Amino acid sequence: MSEATESVLRLQPLRAWRFVAGKVSALGAVTSPPYDVLEPALVRRLTDSDLHNMVRLILPRDPDLGRGRYDEPARRLVGWQRDGIVVQDRRPALYVYEQRLGGATLVGLVGALGLDPARKVVLPHENVMQHWVDDRYDLMEATDADLEPILLAYGGGGTASDAVDEARSGVPWLVADTENGAHHRIWRIEDPDKLAAIAAELASREALIADGHHRYAAYLERSRRSPNRPGTDVGLAMLVDNERHPLTLDPIHRVVPGLTLDLVKARTPDGWEVLPGRVEGVPDRIAIFDGTSWVTVHSTEGQVAPTVSLLHDELLPAWGVAVDEISFHHALTDATALAGPTQAAVELVAPRMDQVLRSALRGAVLPQKATSFGPKPRVGLLFRTLS
C-alpha cells in the first residue's frame, strides 16, 4: 500500500456473502456474537440451534490439533458455499446495518476497510495478546475469509451519515431476529454517486477501533505476509458515526490468580486508599472480591488515566501477582462466580470516551481488554472472502 492510501480512511464496497433463508432454519438462528464474548453455555445453545450456526466457523474446536484445528471450519465453509447455504451478492455495495435491542440501537456502514499500518486514520486504543492475533490470523488464512466485522467509531454527522439514514427509510434487503431478542435490518448502497460522496467525506476522517483489535492486528499481519495477494489490503469492518448513533462503553472485569484481600490491604501503594465493602460513586474506583468479602481501592490523587491503566501499571505490580493467567469477563457475575481464596475478581469502571480518544490520538494504548463498546454487530449476517 502506498503512503497516500494508508493516510486516508477508506471503506470500500464489497460483494458480501450471506446465508440463504430457505436453506437454514432462520437467518437469525445461524448468527453469533463475536468470538471473544462467547461463554460456553451460549456456545452450546447456538451450536444446537442450527447445524450452520457461525460458532462452527469462528470457534475452531480440538485445540490438540494445533493449527490443524482450522481445517474443519475451512472445509465447512467450502461445503456451505458448494451447497448454496451461503451465497455471494451479485454486485458490490456498502451495507447499512441496523440492530435494535431494547433501548439500544446500532447503526452504521459495513464494507471493506482500508488498512492503516501507520496508525494515522485507523486508531487502536487497546493492547493485544499475540496468541489471539495468531488465532484469528490462522482462521482467516484457513477459511480465506473475514467472518466477523470489526467495529469502528468516528465523529462528524455528514454525507455518509445522511446516506445511512436515507437508506433506512427504504425496504430492507435482509431482516433477521436473534435469540437475544435483537431485530436486525440491512440495506444496500450501490449508487455510484452516493458511494463517491461517502468516500470523499470519509477520506477526511479518523476512526477509532471500538471492537476487534485482535482481528485488525490479524488483518495487518495478513497484509504484511502477503502484500501482493488480492484482497489483503482491506478487512471487513462496520463504521459508526458515534455522534449521530453513539455506542455504549462498558468495562471488562478481571479474575486475578494469586490475588487476596490481605495482599491488597498490605501492599496497596501510597496515593491509594483501601475501603471496606463495595463502595459506589467513588472516583477512580476498583473493587475486589474474594468470594466472601469486598474491598474498594481508589486513588486519592485525582488521576487522569483510566482505572484499567492504573490497575495494570501501578496496582498489580505493587501487589506482586502474576498477570499471565488473568481472565477477562464482560459480565461481573461471571467474574465473581470464579472468585475464591486463591484468586480474586476485580470490578472495573469503564473509561470515559475522552480518555479513550486521547490515548488513541497520541499513539498510546490501554491494556488489553480495557473496554467493551457496544452494541456489537452480529456475526453471520454479512461476511467477506478474499477470492
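See the structure above.
Residues numbered from 1 in each chain as written. Predicted model: local features only at pLDDT ≥ 70, side-chain atom pairs only at ≥ 80, totals over all residues. Heavy atoms only, no water.

**Brief notes about the sheet that holds strand β14 (residues 253-257)**
An order of β15-β17-β16-β19-β14-β18 is seen for the six strands of this open sheet, with the pairing classed as antiparallel. Each edge of the sheet is formed by a strand with only one pairing partner; in this case those strands are β15 (272-276) and β18 (327-329). For this sheet the average axis-to-axis angle between neighbouring strands, irrespective of direction, equals 25°. Contacts from helix α10 (residues 307-319) reach β14, β15, β16 (285-289), β17 (294-299) and β19 (343-347), with the element oriented near 50° to β16. (Pairing = 2+ DSSP bridges. Helix = DSSP H or I, 4+ residues; strand = E, 2+ residues; numbered from the N terminus. Axes fitted to C-alpha atoms, helices over the stretch in contact; angles between N-to-C directions. Contact = heavy atoms within 4.5 Å.)

**Regarding the pattern of salt bridges**
A complete count under the given rule lists 31 salt bridges for this structure. A salt bridge links Arg222 to Asp146; the shortest N-O distance between them is 2.7 Å. With a gap of 76 residues between them, Arg222 in helix α8 (residues 213-225) and Asp146 in strand β7 (residues 145-146) connect regions that are remote in the sequence. Looking at Arg222, the relative accessible area reads 1%, which means it is buried. In this structure Asp146 comes out as buried when scored by relative accessible area, which is 1%. The closest approach of N and O atoms between Arg285 and Glu347, which form a salt bridge, is 3.0 Å. Taken as a pair, Arg285 in strand β16 and Glu347 in strand β19 lie far apart in primary sequence, 62 residues in all. Relative accessible area serves as the criterion here: at 8%, Glu347 is assigned to the buried category. Among the charged side chains, a network of salt bridges with common partners joins Glu98, Arg100, Asp162, Asp165, Arg168, Arg185 and Arg244. (Salt bridge = Lys/Arg side-chain N within 4 Å of Asp/Glu carboxyl O. Buried < 20%, exposed > 50% of the residue type's maximum accessible area, 1.4 Å probe, protein only.)

**Some points on the packing of helix α6 (residues 159-167) against helix α7 (residues 192-202)**
Following both chains from N to C, one finds α6 and α7 inclined at 140°, their axes separated by 8 Å at the closest point. On the basis of their axis angle, the class for α6 and α7 is oblique. From α6, Thr159, Ala160, Ser161, Ala163 and Glu166 reach across to α7, where they touch Lys194, Ala197, Ile198, Glu201 and Leu202. (Parallel < 35°, antiparallel > 145°, perpendicular 65-115°, else oblique.)

**Side note on empty space enclosed by the protein**
Space left empty within the atom packing is revealed by a probe, the size of a water molecule, rolled over the atoms. Following the criterion strictly, the structure yields five cavities of 30 Å³ or more and no others. Taken as a whole, the largest cavity spans an internal volume of roughly 120 Å³. The wall of the largest cavity is formed by 15 residues, among which Asp36, Glu126, Asp211, Gly212 and Lys369 lie closest to the centre. Breaking the lining of the largest cavity down by element, the ones donating at least two residues are β11 (207-211) and α8. Partitioning the lining of the largest cavity into residue classes produces three nonpolar, six polar and six charged. Approximately 90 Å³ is the volume attributed to the second largest cavity. In this structure, the second largest cavity is lined by Arg136, Leu139, Met140, Thr143, Ala145, Asp146, Leu147, Glu148, Arg215 and Tyr219. Listing elements by their share of the lining of the second largest cavity, those giving two or more residues are α5 (130-143), β7 and α8. Ranked by residues supplied to the lining of the second largest cavity, first place goes to α5 with four residues. By residue class, the composition of the lining of the second largest cavity is five nonpolar, one polar and four charged. (1 Å grid on protein atoms, 1.4 Å probe; cavity = no way out; pocket = protein on both sides within 12 Å on 5 of 7 lines; lining within 4 Å. Points joined across faces, edges and corners; volume = space filled by probe spheres on them. Nonpolar A, V, L, I, M, F, W, Y, C, P; charged D, E, K, R; others polar.)

**A few points about the environment of Ala200**
In this fold, Ala200 is placed in helix α7. Placed 191 residues apart in sequence, Ala200 and Leu9 show a C-alpha to C-alpha distance of 9.5 Å.

**So, the environment of Asp262**
You can see Asp262 is positioned in helix α9 (residues 261-267). Expressed as a C-alpha distance, the spacing of Asp262 and Gln368, which sit 106 residues apart in the sequence, is 26 Å.

**Some details on the environment of Pro375**
Along the polypeptide, Pro375 turns up in the loop between β20 (372-374) and β21 (384-385). Remark: the alpha-carbon pair of Pro375 and Ile85, spanning 290 residues in sequence, is separated by 27 Å. Contacts of Pro375, omitting those with residues within four sequence positions, involve Gln99, Ala104, Thr105, Leu106, Leu151, Leu247 and Thr248.

**Some thoughts on helix α12 (residues 353-361)**
Within the sequence span of α12, burial applies to Gln355, Val356, Ser359 and Ala360. Viewed along the axis of α12, the buried residues span an arc of 130°, placing them on a single side of the element. Those residues of α12 hidden inside the fold are in contact with β6 (122-123), β11, β13 (248-250) and β20. (Arc of directions from axis to C-beta.)

**A look at the packing of aromatic side chains**
Applying the stated criterion across every chain yields a total of six aromatic pairs. A centroid spacing of 5.6 Å and a plane angle of 55° characterise the contact between Phe19 and Trp80, whose relative ring orientation is tilted. Taken together, the positions of Phe19 in strand β2 (residues 17-19) and Trp80 in helix α4 (residues 71-82) put the pair 61 residues apart, joining distant regions of the chain. Neither Phe19 nor Trp80 differs from the other in exposure class; each is buried. Measuring from centroid to centroid gives 5.4 Å for Tyr35 and Trp132, while their planes differ by 50°, and the two rings are tilted. (Phe/Tyr/Trp six-rings, centres within 6.5 Å; stacked < 30°, edge-to-face > 60°.)

**Notes on the packing of α5 against α8**
Closest axis-to-axis distance for the α5/α8 pair is 8 Å, and the angle between their directions is 60°. The angle between the axes of α5 and α8 places the two elements in the oblique class. Every pair of crossing elements has a handedness; the one defined by α5 and α8 is right-handed. Here α5 contributes Trp132, Val133, Arg136, Tyr137, Met140 and Glu141 to the contact with α8, which in turn contributes His214, Arg215, Ala217, Ala218, Tyr219, Glu221, Arg222 and Arg225. A class-by-class count of the residues in the contact of α5 with α8 yields seven nonpolar, one polar and six charged. (Left-handed = near helix turned anticlockwise from the far one by under 90°.)

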